[in-house]
Amino acid sequence: MVGDKERRITLHLYDTDITVNIPASEEELYRQSERLITDAMNTYSSMYKGVNTEKEIQYMALVDIALRHARLQASKDVEPYENILSKLTSEIEDALK
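Cut-off values and rules
Residues numbered from 1 in each chain as written. Predicted model: local features only at pLDDT ≥ 70, side-chain atom pairs only at ≥ 80, totals over all residues. Heavy atoms only, no water. Helix = DSSP H or I, 4+ residues; strand = E, 2+ residues; numbered from the N terminus. Expected span 1.5 Å × (residues − 1). Buried < 20%, exposed > 50% of the residue type's maximum accessible area, 1.4 Å probe, protein only. Salt bridge = Lys/Arg side-chain N within 4 Å of Asp/Glu carboxyl O. Patch = residues over 30% accessible without salt bridge, like charges linked within 9 Å, V, L, I, M, F, W, Y side chains within 5 Å. Areas by Shrake-Rupley, 256 points an atom, 1.4 Å probe, with all protein chains shown as cover. Pairing = 2+ DSSP bridges. Contact = heavy atoms within 4.5 Å. Axes fitted to C-alpha atoms, helices over the stretch in contact; angles between N-to-C directions. Parallel < 35°, antiparallel > 145°, perpendicular 65-115°, else oblique. Left-handed = near helix turned anticlockwise from the far one by under 90°.

Novice: Please give an account of helix H1 (residues 27-48) that cites residues and values.
Specialist: An ideal rise of 1.5 Å per residue puts 32 Å on 22 residues; H1 measures up with 31 Å between its terminal C-alpha atoms. All of the buried residues in H1 are Glu27, Arg31, Glu34, Thr38, Ala40, Met41, Tyr44 and Ser45. Positive backbone phi, approximately 90°, marks Gly50, located one or two places after H1.

Right under this line is the structure:
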């Protein structure tokens, strides 16, 4: 964001701490992401630790988070509404002629 001050924070992601520079206004989003990643890793680790490799567990958590994102994006699909609005606009314009 223009004019947004940067802040250096440390995120605790599952069993790893990483330090990142972020726009100060987005810190809460980063903290929510931190919790989401950690929760997903905890869930898959509790289910598959000792059965799958750590890397496989990380990918399972990554796919889970990506699917959540994809579902959210799909539910926000506005194309059907735009089509309806376009049709209604045409009908209104025809009626006004």
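Novice: Just give me the short version of the pattern of salt bridges, but keep the residues and values in it.
Specialist: Inspection of the entire model under this criterion finds five salt bridges. With a closest N to O distance of 2.4 Å, Glu27 and Arg7 form a salt bridge. Placement of Glu27 in helix H1 and of Arg7 in strand S1 (residues 6-13) is noted, with a sequence separation of 20 residues between them. One salt bridge connects Glu27 with Arg31, and the closest N-O pair in it is separated by 3.3 Å. Here Glu27 and its partner Arg31 are both found in helix H1, four residues apart, which amounts to about one turn of the helix.

Novice: Break down unusual backbone geometry for me, citing the residues and quoting the values.
Specialist: With phi around 60°, Tyr14 is a residue other than glycine that occupies positive phi space. Along the chain, Tyr14 falls in the loop between S1 and strand S2 (16-23).

Novice: Tell me about a nonpolar patch on the surface, and name the residues and values.
Specialist: Together, Ile84, Leu85, Leu88, Ile92 and Leu96 make up a nonpolar patch on the protein surface, roughly 530 Å² of accessible area in all. In this fold, Ile84 is placed in helix H3 (residues 79-96).

Novice: Tell me about the pairing of S2, and please be specific about residues and values.
Specialist: Summarising the sheet, S1 and S2 pair through eight bridges and their orientation is antiparallel. Directly across from Glu6, in S2, lies its bridge partner Pro23. The turn linking S1 back onto S2 is made up of two residues, and Tyr14 within it adopts a positive phi angle of 60°.

Novice: Run through the environment of Tyr44, naming residues and quoting values.
Specialist: Within the secondary structure layout, Tyr44 lies in helix H1. Residues Tyr44 and Tyr59, spaced 15 residues apart in sequence, show a C-alpha to C-alpha distance of 9.7 Å. Beyond its immediate chain neighbours, meaning those up to four positions away, Tyr44 contacts Lys49, Ile57, Met60, Ala61 and Asp64.

Novice: Give a description of the packing of H1 against helix H2 (residues 54-75) that names residues and reports values.
Specialist: Contact geometry of H1 with H2 gives a least axis separation of 9 Å together with a crossing angle of 130°. Between H1 and H2, the interaxial angle falls into the category oblique. The element H1 and its partner H2 pack so that their crossing is right-handed. Facing H1, whose interface residues are Leu36, Ile37, Ala40, Met41, Tyr44, Ser45 and Tyr48, H2 presents Glu54, Ile57, Gln58, Met60, Ala61, Asp64, Ile65 and Arg68.

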